[in-house]
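# Architecture and fold: a report
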Amino acid sequence: ARPFIDYRDGQLMVEGVSAAELAREHGTPLFVYSKAAMLDALAAYQRGFAGREALICYAMKANSTLAVLRTFVEAGCGLDIVSGGELERALRAGVEPAKVIFSGVGKTRAEMKRALEAGIGCFNVESLPELDVLSEVAAGLGRRAPVSLRVNPDVDAKTHPYISTGLKGNKFGIAHTDALVAYQHAAALPGLKVTGIDCHIGSQITETSPYLDAMDRVLDLVDAIEASGITLEHIDFGGGLGINYHGETPPAADALWQLLLAKLDARGYGQRKLVIEPGRSLIGNAGICLTETVFLKPGEQKNFLIVDAAMNDLPRPAMYEAYHAIVPVQPRETETQTWDVVGPVCESGDWLGRERELAVQPGDLLAVCSAGAYCMSMSSNYNSRGRAAELLVDGDQARLVRARESIEDQLRLESM
Ligand code: LLP
């Protein structure tokens, strides 16, 4: 990817704006996103699908901030949602309801009803009981719900166990061996209209082969389902493509899809409408989190660099031992030392990076990299910390798209 977030004259810049100036003006911790980086990541998929009928439904769980949604919606994307809350955000962002797909294993009746009334494009259904309930809810409204069944291709995405979803032992999807019967069941229900098939094998996938295997497994099912007399209008291949956090080399979206499309063509499905649900690969490397060094605490065994961002802002290291690069906003010439970069939260798990070589002084600004996906959207108020502010940079303009959460915001729903 082209470096939209990089150094110029010894200063970290987000497009045309100095990160240090943004931190000075808006305080820290502060998420900053580059619009050009987002659109550049999207362009790789758009190039990959040139000349095909394809809908890119941004998986908004990765980052559901309205301005982020708006950026992708304006660029033509649909949205992949997983809750009633995400549906309301999606509608607020101005998405065409027909471009919304609803994933997730535990949709409630109320969520189904609201999504049907809004006129979403498809429900990705994950179990037989969900088919029955959805049919009932839709029939009650005098409608037929468009459905796709999420099948579990049982391939190993070779990623972290917490974010791998396509194996037999996962809670997600309908087992490959049960899929045909489930389709026949769905086709017979009065409130449903079967329109597609979908799968999603995991997240932060950095290899091509799990995708190729999954495509073969899904197309085997498409063959069988269509032979039984059910026509599938679209094939939804989920999301999951990884990004470079720490030297990983995932395939580029266009290169990956060149291979997948060749497979579709070879098996006679080249004209079928495609849907995908990428999240991380569209936004992950388009964002950073700026944080200020509060104290340096050198010790006998470890040196701790205490910053003002924490696990409530950036939960991925604590949850998955994930690696995020941490870089100085204005690098010093002085010698580096080895630091564990930690937050102020009262947990040993509150670390952002371990054994990092940095030359820092108290007050120095650092940038936690690759912080566009699954950071703000997974943030919390633990330790009564307010959520960080968010900025969207476009060229040399920075816009505050989410104000810093105040203590009043936090207390608003409570009483004694
Ligand atoms: N579609 C479905 C059905 C999903 O479950 C997910 C992610 C996506 C699409 C988007 O996947 P992506 O393209 O972003 O990999 N919190 C974890 C990641 C959890 C992913 C959950 N599902 C993390 O921080 O690594």
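Since this is a predicted model, take the numbers as computed values, not measurements.

Across its full length, the protein holds twelve helices and 21 strands. On C-alpha atoms alone, the protein measures out to a radius of gyration of 23 Å, which is about the 22 Å that the 2.2 N^0.38 rule sets for 416 residues. Taking the principal axes of the C-alpha coordinates as reference, the protein spans close to 70 × 55 × 40 Å. Scored against the burial criterion, the 416 residues of the protein give a buried share of 47%. Within the protein, counting contacts between residues at least 6 apart in sequence, those at least 24 apart form 71% of the total.

So, about the sheet that holds strand S1 (residues 5-8). The antiparallel open sheet is built from three strands, whose spatial order is S1-S2-S3. Strands with a single pairing partner mark the edges of an open sheet, and in this sheet they are S1 and strand S3 (17-18). Pairing geometry for strand S2 (residues 11-14) and S3, over two bridges, is antiparallel. By the bridge assignment for S3, Met 13 is matched with Ser 18.

What follows concerns the domain arrangement of the protein. Segmenting the protein into domains produces domain 1 (5-33 + 284-411) and domain 2 (104-276). On a C-alpha basis, the centres of domain 1 and domain 2 stand 36 Å from each other. Opposite the seven residues of domain 1 that make contact, domain 2 presents six residues. Looking at the side of domain 1 that touches domain 2 residue by residue, the classes come out as three nonpolar, four polar and no charged.

Taken N-terminus to C-terminus, the directions of helix H5 (residues 109-118) and helix H6 (residues 128-140) make an angle of 50 degrees; their axes are 10 Å apart at the nearest point. One way to sum up the angle between H5 and H6 is to call them oblique. Regarding H5 and H6, the two cross each other, and that crossing is right-handed. Residues Arg 109, Met 112, Lys 113 and Leu 116 of H5 lie in contact with H6, whose contacting residues are Val 133, Leu 134, Val 137 and Ala 138. Classifying every residue of the contact of H5 with H6 gives six nonpolar, no polar and two charged.

Our next topic: the site of the ligand. Residues in close proximity to the ligand total 21 residues, the closest being Ala 59, Ser 203, Gly 239, Gly 279 and Tyr 374. Tallied by class, residues from the shell around the ligand come to seven nonpolar, ten polar and four charged. Two domains share the shell around the ligand, each providing at least three of its residues, namely domain 1 (5-33 + 284-411) and domain 2 (104-276).

Okay, the UniProt feature "active site" (unreviewed entry) in the protein next. UniProt's entry tags Cys 346 with the feature "active site" (unreviewed entry), counted in the numbering of this structure. Structurally, Cys 346 can be placed in the loop between strand S17 (337-342) and strand S18 (351-358).

Across the six residues of strand S20 (residues 389-394), five count as buried, placing the element largely inside the fold. Of the pairings in the sheet, the one linking strand S4 (residues 30-34) to S20 comprises five bridges and is parallel in character. By the bridge assignment, Leu 30 is partnered in S20 with Ala 389. Relative to strand S21 (residues 397-402), S20 is paired through five bridges, and the arrangement is antiparallel. Counterpart to Val 393 in the pairing with S21 is Ala 398. Where S20 hands over to S21, the hairpin turn is made up of two residues, of which Gly 395 adopts a positive phi near 65 degrees.

Along the chain, Thr 28 connects to Pro 29 via a cis peptide bond; the corresponding omega equals -10 degrees. Its identity as a non-glycine residue notwithstanding, Asp 9 has a phi of 50 degrees, on the positive side. As for its placement among the helices and strands, Asp 9 is situated in the loop between S1 and S2. Although it is not a glycine, Gln 204 sits at a positive phi angle of roughly 50 degrees. Counting through the fold element by element, Gln 204 comes out in the loop between strand S11 (192-198) and helix H8 (209-227). Taking the number of C-beta atoms within 10 Å as the measure of exposure, Gln 204 has 24 and is therefore buried.

Reading guide: rules and limits
Residues numbered from 1 in each chain as written. Predicted model: local features only at pLDDT ≥ 70, side-chain atom pairs only at ≥ 80, totals over all residues. Helix = DSSP H or I, 4+ residues; strand = E, 2+ residues; numbered from the N terminus. Rg over C-alpha atoms; globule rule 2.2 N^0.38 Å. Buried ≥ 20, exposed ≤ 12 C-beta atoms within 10 Å, placed from the backbone. Contact = placed C-beta atoms within 7 Å. Pairing = 2+ DSSP bridges. Domains from an automatic or database assignment. Nonpolar A, V, L, I, M, F, W, Y, C, P; charged D, E, K, R; others polar. Axes fitted to C-alpha atoms, helices over the stretch in contact; angles between N-to-C directions. Parallel < 35°, antiparallel > 145°, perpendicular 65-115°, else oblique. Left-handed = near helix turned anticlockwise from the far one by under 90°. Near = placed C-beta within 6 Å. UniProt positions renumbered as here; feature names shortened; annotations may be inferred.

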